[in-house]
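# Structure at a glance
Each chain is listed here by its residues.
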Amino acid sequence: MSHKILVFTEQKVGEGHFQAAKSIQLMLNNYQKGQVDVQLVSGMNAVHPFLEWLLITGYFTLIKTVPFLWKWMYLRTTKCSVFHRHFFKFRLKKLLHHEKPDIVLFTHPSCVSAVCEIRKNSKNKFKLGAIFTDYGFHPFFIHTEMDYYFVAHEKIKKRLINNYGIQAECIYDYGIPVHSDFEHTVEEPNVIPFRNPHQFHILILGGATGYGPIQKLVHVLRSQRIPYHITVITGKNQRLYRKLRRKNDESTVVLGYVTNMKYWMERADVIITKPGGLTVSEAIRCGTPIVTINPIPGHEEANERFLHEHRIGVPVKDISLVPYYIRKWLIHPYELQEWRERIKNFQKPNAALRIVQTLLEQTK
């Protein structure tokens, strides 16, 4: 039996949402070759390209210039406005009628309310599933029409049950779907040829956009007389890439957008990054300790809290303190090893496969 599946995501507002959607698409295509038609839909673009540009421009302007205002909006806006719901519903109804999906999934909540309302009044009762790509969630994801919630951790499952009255049998604690590369066996640190036991390896990430005080952090680390090697991945931020390359030295490797993130994560002693949900999940899958800096207010702060509460991540508010932690771990390497052991308890392999199996087995 063939299935038509739409995955609503947002490609431009956050790489993690889009990469999670691609992981699900790839798994669906591999799991039942020729039996599944999977289409990724950039939700806001489907509503209207100008609206997508307007909202995304506003979002990046807010988080870069007045992040406290974005945080206030994120926390206070718990329900879609009447305009949002009905305008999105009006624009998406034709798409859904034309595609006639069996399953609609969401890795971003922008279109959840509208699509759920369309399903509610439609003869085509397609299944609906929300895939959380952070260790927290926004209330926009919650709707009485939703059939499945695929979440990152048991703690989120309990919150959905206790705070929103969601039935336990609708919630699946499978973890965040990552690229299939990360599902291969993780190499033990002592057998990785790249790792130099006499040189601490720091991996600095800024997400796909190279967001955050990356240049300042690199300067702080370079100014220290500590035996470490630095790899910086600037993502799609070409301006940052060029700036760092101009000031390159022997202790630092600067890379742009990479497709082999697992390779670099496994070969790091510690990762310093803003706590995007997918990045955090990938680092956990590799068993690599994480230092978090400059979280985007709202969802990334939730990720940072999760790491800190479970002692698998260290939040650093002032990047001038980063060398202090590096020296500490160089003097007491057993702390890093204990950290790695704790991370193992939070690894959730094969999230994408488990999500796909659940969806297809229950829609036969």
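For the structure, check the block above.
These figures come from a predicted structure and were not determined experimentally.

Turning our eyes to something else, we now look at a positive patch on the surface. A grouping of Arg239, Arg242, Arg246 and Lys247 is seen on the molecular surface, where their side chains present a positively charged patch. Along the chain, the position of Lys247 falls in the loop between helix H9 (238-246) and strand S9 (252-255).

Considering all chains together, one arrives at 21 aromatic pairs under this definition. Between Trp329 and Trp339, the aromatic rings sit 5.2 Å apart at their centres with planes inclined by 55 degrees, giving tilted as the arrangement. Of the two residues, Trp329 is situated in helix H13 (residues 322-331) and Trp339 in helix H14 (residues 333-344); the sequence distance between them amounts to 10 residues. Each member of the pair, Trp329 together with Trp339, is buried. By the ring-pair criterion, three or more aromatic residues cluster together here, those being Phe132, Phe137, Phe141, Tyr149 and Tyr164. One Lys or Arg, Lys236, reaches over the ring of Tyr257 and ends 5.3 Å from the middle of that ring. Against the face of Tyr263 rests Arg267, its NZ or CZ located 3.9 Å from the ring centre.

The next point concerns unusual backbone geometry. Residues other than glycine seldom take positive phi values, yet Lys100 does so here, at roughly 50 degrees. As for its placement among the helices and strands, Lys100 is situated in the loop between helix H5 (82-99) and strand S3 (103-106). The phi dihedral of Asn294 is positive, around 50 degrees, even though this residue is not glycine. Here Asn294 lies in the loop between strand S11 (290-292) and helix H12 (299-309). Assessed through its relative accessible area of 33%, Asn294 is described here as partly exposed.

Reading guide: rules and limits
- Residues numbered from 1 in each chain as written.
- Predicted model: local features only at pLDDT ≥ 70, side-chain atom pairs only at ≥ 80, totals over all residues.
- Heavy atoms only, no water.
- Patch = residues over 30% accessible without salt bridge, like charges linked within 9 Å, V, L, I, M, F, W, Y side chains within 5 Å.
- Areas by Shrake-Rupley, 256 points an atom, 1.4 Å probe, with all protein chains shown as cover.
- Salt bridge = Lys/Arg side-chain N within 4 Å of Asp/Glu carboxyl O.
- Lys, Arg positive; Asp, Glu negative; His and termini not counted.
- Charge placed at Lys NZ, Arg CZ, Asp CG, Glu CD.
- Helix = DSSP H or I, 4+ residues; strand = E, 2+ residues; numbered from the N terminus.
- Phe/Tyr/Trp six-rings, centres within 6.5 Å; stacked < 30°, edge-to-face > 60°.
- Buried < 20%, exposed > 50% of the residue type's maximum accessible area, 1.4 Å probe, protein only.
- Lys NZ or Arg CZ within 6 Å of the ring centre and 35° of its normal.

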